[in-house]
Amino acid sequence: LVDPGFYSVGGASNTTRTGQEACEPGHYCQGGIKQECGSAAVYCMAMAFAPSSVQSGYYSTGGTSNITRQGQSICEQGYYCLDGLRFTCPEDQFATTSGSLACSVPRNGQYIVNASAGALEDCEPGYYCQNGIKNECGSPNLICPDSSMISPNVVQTGYYSTGGTSNTTRTSETQCEPGFFCVDGVRQPCPDGKFATEAGSVQCSALANGLYPDVD
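Every chain's residues receive numbers from 1 upward, in the order its sequence appears when written. Whole-chain, interface and lining totals are the exception, using all residues; otherwise, since this is a predicted model, local features are given only for residues with pLDDT of at least 70 and side-chain atom pairs are given and counted only at 80 or more. Values shown for side chains rest on all heavy atoms present in the structure; no hydrogens or waters enter the calculation.

It is worth spelling out the overall build of the protein at this point. Strands here mean DSSP runs of E at least two residues long; helices mean DSSP runs of H or I at least four residues long; both are numbered from the N terminus. On a plain count of helices and strands, the protein comes out with zero helices and 22 strands. Computation of the radius of gyration draws on C-alpha atoms, with the globule rule given as 2.2 Å multiplied by the number of residues to the power 0.38. A globule of 216 residues ought to have a C-alpha radius of gyration of about 17 Å, yet the protein, at 34 Å, is considerably larger. With the principal axes as the frame, the protein shows a C-alpha extent of 120 × 25 × 15 Å. Contact definition: two residues touch when any of their heavy atoms are within 4.5 Å. Residue pairs at least 24 apart in sequence account for 28% of intrachain contacts in the protein once pairs closer than 6 positions are excluded. As displayed, the protein has an accessible area near 12100 Å², and 48% of this comes from carbon and sulfur atoms. For the protein, the distance from the average site of its 9 positive side-chain charges to the average site of its 20 negative ones is 9 Å. Using the Shrake-Rupley algorithm and a 1.4 Å probe, accessible areas are obtained, with residue cover drawn only from the displayed protein chains. Counted charges follow a simple rule, with Lys and Arg positive, Asp and Glu negative, and His plus the chain ends left uncounted. Charge coordinates come from a single atom per side chain, which is NZ of Lys, CZ of Arg, CG of Asp or CD of Glu.

As a further point, take the side chain of H27. The residue H27 is located in strand β3 (residues 27-30) in this model. The term polar contact refers here to a pair of N or O atoms within 3.5 Å; inside protein, the definition further demands a hydrogen-donor-capable atom paired with an acceptor-capable atom, and it admits residues adjacent in sequence only when both atoms are side-chain atoms. For H27, the side chain forms a polar contact with the main-chain oxygen of P25, separated by 3.4 Å. Contact partners of H27, with chain neighbours within four places excluded, come to K34, Q35, E36, C37, C44, M45, A48 and T68.

With four bridges connecting them, strand β9 (residues 79-82) and strand β10 (residues 85-88) associate as antiparallel partners. Following the sheet pairing, Y80 is matched in β10 by F87. Linking β9 back to β10 in an antiparallel pair, the connection comprises two residues, with D83 at a positive phi of about 50 degrees. Here, strands pair whenever DSSP counts at least two bridges between them.

Pairing of aromatic rings covers Phe, Tyr and the six-membered ring of Trp, with a centre-to-centre limit of 6.5 Å; geometry is then stacked below 30 degrees between planes, edge-to-face above 60, and tilted otherwise. Considering all chains together, one arrives at one aromatic pair under this definition. Ring geometry for Y80 against F87: centres 5.2 Å apart, planes inclined by 25 degrees, an arrangement best described as stacked. On the accessibility criterion, Y80 (21% relative accessible area) is partly exposed. The ring of Y79 has R86 lying over it, and the distance from NZ or CZ to the ring centre is 4.5 Å. One Lys or Arg, R187, reaches over the ring of F180 and ends 4.5 Å from the middle of that ring. Each residue is placed in one exposure class: buried if its accessible area under a 1.4 Å probe, protein chains only, is under 20% of its type's maximum, exposed if it is over 50%, and partly exposed if it falls in between. Look at NZ for Lys and CZ for Arg. If either is within 6 Å of the ring centre and within 35 degrees of the ring normal, a charge sits over the ring.

Before going further, it helps to spend a moment on unusual backbone geometry. In the Ramachandran plot, D83 falls in the positive-phi region, its phi being about 50 degrees despite a non-glycine side chain. With respect to the secondary-structure elements, D83 resides in the loop between β9 and β10. In this structure D83 comes out as exposed when scored by relative accessible area, which is 64%. With a phi angle near 55 degrees, N131 is a residue other than glycine that sits in the positive phi range. Mapped onto the elements of the fold, N131 is located in the loop between β13 (127-130) and β14 (133-136). By relative accessible area, N131 is classed as partly exposed at 44%.

Here we take up the side chain of S161. Counting through the fold element by element, S161 comes out in strand β17 (residues 159-162). Of note is the side chain of S161, whose polar atom sits 2.6 Å from the backbone oxygen of P140. The contact partners of S161, leaving out residues within four places of it in the chain, are P140, I143, V155, R170, S172, E173 and G185.

Before going further, it helps to examine the environment of T16. Looking at the element boundaries, T16 is found in the loop between β1 (6-9) and β2 (19-22). The sequence separation of T16 and A40 amounts to 24 residues, and the corresponding C-alpha distance is 34 Å. When neighbours within four sequence positions are excluded, T16 is seen to be in contact with G10 and G11. There is a polar contact of 2.9 Å between the side chain of T16 and the backbone nitrogen of A12.

What we call a disulfide is simply a covalent bond connecting the sulfur atoms of a pair of cysteines. Pairs of cysteine sulfur atoms within 2.5 Å are what we label disulfides. Tallying each qualifying case throughout the model produces eight disulfides. A disulfide bridge connects C123 with C129, and the sulfur atoms are separated by 2.0 Å. Because the sign of the S-S torsion sets the handedness, a value of about 80 degrees for the bond joining C123 and C129 places this disulfide among the right-handed ones. In this structure C123 comes out as buried when scored by relative accessible area, which is 1%.

This is how it looks when you write it as C-alpha cells:
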C-alpha cells in the first residue's frame, strides 16, 4: 500500500505502479493519488494526506493558484480575511487589529490616516469628519472651531469667519466692527457715502446730506 501523504509513481498505468513519492506542497495524497488542495479556504503542506482548513482571521498563501495553497498567514492591519482570502478595507473603513474578519467604520469625528495600518486621528479644527473621511469646513459662512467635529457651525448673523488656512477651513468668528457689514461670514467695508455705526451690522446705511460717519 502507498503510505498516507504519498502517491504512486512508475509503471505503465495506475494499476502497475512501481514506487511512491511524497506529496508536494499545494497537494494532498490519498489512496496513492495526488490531488490539488482544492480552494483558497484550505492549504496543503508537504506530505499532506488531507487539506487543512485556513484558520479564522487568516488567509492562504503560496502555490501557483488559489487551489494549490501551501500555508496560511494572519490577516494584517488594514485588511479583513474570509474563507482564506484577504481583502483590503474600503476607503471609509479600517481594521486596527490583526486577524480581522470585518472592517469597522470610524466613529464620527475621526478619520482614517492610513487604511493599510488602520491608523485613526481626531478631526482637526477647520475640518469635520464623517464616515472616516475628513472634509474641509466648506465656506466662509461655516466654521469648525473644535476637534472631532462631525458637522460645521453656521456663522452667526452680523459675524464673519476667521482663522484656518483658507476661507473653506475657518475655525472661529468675530462680530462685525463699526464701519463694516457682514453677510454670509464675509466682512466688507461700507462703500463711500454709507456707514455702519453699530457692531454686528449686516448692511450699511446711506448718509444724510451734510453728515459724515463717526465710527470711532
